[in-house]
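An overview of the molecular structure
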Amino acid sequence: MKKYMRIAHISDIHANYGSDFNNSTFEKAVKLLNGFEADLIFISGDLTTDGLLREYEFASERLSMIKGKKAIVPGNHDEKNLGYKLFPEFFGNTDFIRYDGNLTVIGLATSEPDKADGRLGRNRHRLIKRGIGKKKDLTIIGFHHHLVPIPNSGREHNIIEDAGETLDIILRNNVPLVLMGHRHVHYAVKIHNTLLVNAGTFSCNRTRAHFGNTFNIIDFKNNTIIVTVIDIEKGKQEKMVKYNPRDGYYINRYYDEKKRID
């Protein structure tokens with residue numbers, strides 16, 4: 001693992017010309033995000049609301065405001081109305097493996113046309129295994145739908161249909177970090193030796209309770225992963241998780257609220 005690296009994790013932008021998208025929040029979020037100077041921005045889907053051509057054009061124009069390298073996967077909203085044909089035109093392959101030094105980033109499309117449900121399937125499971133097989137110092141897997149139920153996001157639905165098989169592959173191979181979105185709520189939990197991180201919504205008006213619009217900053221320092229949640233409206237930063245995959249050291253302030261992370 002690199003001694004120091006920073007990844008920004010954003011999700012659920014929902015760019016459109018209707019009531020879903022909050023442009024004021026988006027511009028404020030971009031200003032905050034660019035200030036972190038992340039090495040990589042991982043966007044875990046739902047760039048649009050209805051997958052329409054004008055929404056893809058709008059999303060592409062808005063996302064050009066974000067500085068830095070991006071890795072983008074589609075969400076279920078991006079696959080609507082033949083949007084699955086537009087995504088590659090604007091944002092590249094829906095499934096990919098990228099190598100950067102000792103970092104492997106595996107991006108996967110869990111979404112399917114005109115369905116809210118998520119699924120990976122055997123071919124993408126093979127892609128995960130191929131990426132893991134390179135045995136880089138750090139492997140990150142990212143997709144839209146969630147692998148486990150997300151607290152504070154309402155009645156559970158749309159979890160990946162083959163979550164059990166997917167989780168088994170990830171846990172058996174000790175993948176340190178998985179990035180997800182979809183539920184518009186930030187969250188993180190460690191299972192076995194894997195940290196599962198969910199991003200809230202970056203700029204959609206459909207927020208839940210007091211969670212608001214957020215994104216994650218994930219820092220890698222001396223083999224330790226630190227997840228910080230950025231509250232866009234308040235401009236507030238809160239470190240929520242610290243995890244060292246090598247020695248197992250783990251603090252999760254979603255459950256240990258009194259603990260502090262240096």
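Details of the structure are given in the entry above.
Anyway, here's the lowdown on the structure attached to this text. (Residues numbered from 1 in each chain as written. Predicted model: local features only at pLDDT ≥ 70, side-chain atom pairs only at ≥ 80, totals over all residues. Heavy atoms only, no water.)

So, the sheet that holds strand 2 (residues 40-44)
- Taken in spatial order, the seven strands of this open sheet run 3-2-1-10-11-12-13, and their pairing is mixed. Unpaired on one side and paired on the other, strand 3 (70-73) and strand 13 (250-252) mark the two borders of the sheet. For this sheet the average axis-to-axis angle between neighbouring strands, irrespective of direction, equals 25°.
- Across four bridges, the pairing between strand 1 (residues 4-10) and strand 2 is parallel. Pairing of A8 across the sheet is with I41, part of strand 2. (Pairing = 2+ DSSP bridges. Helix = DSSP H or I, 4+ residues; strand = E, 2+ residues; numbered from the N terminus. Axes fitted to C-alpha atoms, helices over the stretch in contact; angles between N-to-C directions.)

Considering unusual backbone geometry
- If you check the backbone angles, E37 has positive phi at about 50° while not being a glycine.
- By the element assignment, E37 lies in the loop between helix 1 (23-35) and strand 2.
- Under the relative-accessibility criterion, E37 is labelled exposed at 67%.
- A positive phi angle, close to 65°, is found at L82, a residue other than glycine. (Buried < 20%, exposed > 50% of the residue type's maximum accessible area, 1.4 Å probe, protein only.)

Details of a positive patch on the surface
- Among the surface-exposed residues, R119, R122, R126 and K129 lie close enough to one another that they form a single positively charged patch.
- Mapped onto the elements of the fold, R126 is located in helix 4 (residues 122-133). (Patch = residues over 30% accessible without salt bridge, like charges linked within 9 Å, V, L, I, M, F, W, Y side chains within 5 Å. Areas by Shrake-Rupley, 256 points an atom, 1.4 Å probe, with all protein chains shown as cover. Salt bridge = Lys/Arg side-chain N within 4 Å of Asp/Glu carboxyl O. Lys, Arg positive; Asp, Glu negative; His and termini not counted. Charge placed at Lys NZ, Arg CZ, Asp CG, Glu CD.)

A look at the pairing of strand 1
- Taking burial as the measure, the seven residues of strand 1 include six buried ones, the bulk of the element.
- Sheet topology note: the strand 1/strand 10 (residues 214-221) ladder contains six bridges and is antiparallel. Considered in strand 10, the bridge of A8 is made with I217.
- Note on the crossover from strand 1 through helix 1 to strand 2: the handedness is right-handed. (Right-handed = clockwise from strand over helix to strand, strands pointing away.)

Re the packing of helix 2 (residues 53-63) against helix 3 (residues 83-91)
- Packing of helix 2 against helix 3 leaves a shortest axis separation of 10 Å and a crossing angle of 25°. With respect to helix 3, the axis of helix 2 lies roughly parallel. As helix 2 packs across helix 3, the resulting crossing turns out to be right-handed. Together, L53, Y56, E57, A59, S60 and L63 of helix 2 and G83, L86, F87, F90 and F91 of helix 3 make up the contact between the two elements. (Parallel < 35°, antiparallel > 145°, perpendicular 65-115°, else oblique. Left-handed = near helix turned anticlockwise from the far one by under 90°. Contact = heavy atoms within 4.5 Å.)

A closer look at the packing of aromatic side chains
- Throughout the structure, instances matching the rule amount to 13 aromatic pairs.
- With centroids separated by 6.3 Å and ring planes inclined at 45°, the aromatic side chains of F90 and F91 adopt a geometry described as tilted.
- Taken together, the ring pairs connect Y17, F21, F26, F36, F58, F202 and F215 into an aromatic cluster.
- When the ring centre of F96 is taken as reference, the NZ or CZ atom of R98 above it lies at 4.2 Å.
- If you follow K190 out to its NZ or CZ, it ends over the ring of Y250, 5.3 Å from the centre. (Phe/Tyr/Trp six-rings, centres within 6.5 Å; stacked < 30°, edge-to-face > 60°. Lys NZ or Arg CZ within 6 Å of the ring centre and 35° of its normal.)

So, the layout of surface pockets
- Empty space within the largest pocket amounts to approximately 400 Å³.
- What lines the largest pocket is a set of 17 residues, among which H186, F211, E238, M240 and Y254 lie closest to the centre.
- No other element matches the three residues that strand 12 (residues 236-243) contributes to the lining of the largest pocket.
- Considered class by class, the residues forming the lining of the largest pocket number seven nonpolar, four polar and six charged.
- Estimates place the volume of the second largest pocket at around 290 Å³.
- Lining of the second largest pocket is provided by 15 residues; of these, K136, D137, N173, N174 and P176 occupy positions nearest its centre. (1 Å grid on protein atoms, 1.4 Å probe; cavity = no way out; pocket = protein on both sides within 12 Å on 5 of 7 lines; lining within 4 Å. Points joined across faces, edges and corners; volume = space filled by probe spheres on them. Nonpolar A, V, L, I, M, F, W, Y, C, P; charged D, E, K, R; others polar.)

Notes on the pattern of salt bridges
- For the structure on display, the rule yields ten salt bridges.
- Between R206 and D20 there is a salt bridge, with the nearest N and O atoms lying 2.9 Å from each other. Here R206 is found in the loop between strand 9 (194-198) and strand 10, whereas its partner D20 is found in the loop between strand 1 and helix 1, with 186 residues between them in sequence.
- Linking K69 and D100 is a salt bridge whose minimum nitrogen-to-oxygen distance equals 3.0 Å. You can see K69 sitting in the loop between helix 2 and strand 3 and its partner D100 sitting in strand 4 (residues 96-100), a full 31 residues away along the chain.
- Counted as one network, the salt bridges with shared partners bring together E27, E61 and R62.

In short, the description is geometric, and any link to function would need to be established separately.
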